[in-house]
Amino acid sequence: MDTVKIFVKNDCPRCPVAKKLYDELASRLGSSGVTVEKWSVDETEGLVEAAMHMVLTTPTVLVFDGEENKVADWRTVVPSPDEVIEALNIAGGEHAPVP
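A brief report on the enclosed structure follows. The model shown is predicted, which means the values in this text are computed figures rather than measured ones. (Residues numbered from 1 in each chain as written. Predicted model: local features only at pLDDT ≥ 70, side-chain atom pairs only at ≥ 80, totals over all residues. Heavy atoms only, no water.)

**Quick notes on the pairing of strand S4 (residues 70–75)**
Part 1 of the reasoning: Pairing geometry for strand S3 (residues 60–64) and S4, over five bridges, is antiparallel. Bridging from a neighbouring strand, Leu62 pairs with Asp73 of S4.
Part 2 of the reasoning: Here S3 hands over to S4 after five residues, with Glu68 in that stretch at a positive phi of 65°. (Pairing = 2+ DSSP bridges. Helix = DSSP H or I, 4+ residues; strand = E, 2+ residues; numbered from the N terminus.)

This is the structure in structure tokens:
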């Protein structure tokens, strides 16, 4: 299953936009089979997840295909929802095509 992981931090000035991206993607992709995750690096679990993916800055948005290969990433910038969806469609994973 394709996955979008969004990493944020409480005192990050750009992270409110990343949190809005999470909300929009979760709403738009909910029935498509794509998993959308938001991780806070202020919490231990989020910090561990960030370390696994070498996330050193926030916000960071990572897109993985169904085989857990990273197919797109944005670091310190927040992509538009359409840019993320385009990356998912290019990856061509096991999700339904996203409009």
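Don't stop here, the text continues.
**Details of the side chain of Thr3**
Part 1 of the reasoning: One can find Thr3 in strand S1 (residues 3–8).
Part 2 of the reasoning: A polar contact is formed between the side chain of Thr3 and the backbone oxygen of Met1, at a distance of 3.5 Å.
Part 3 of the reasoning: Discounting chain neighbours no more than four positions away, the residues touching Thr3 are Thr35, Glu37, Leu62, Val63 and Phe64. (Polar contact = N/O pair within 3.5 Å; in protein donor to acceptor, adjacent residues only side chain to side chain. Contact = heavy atoms within 4.5 Å.)

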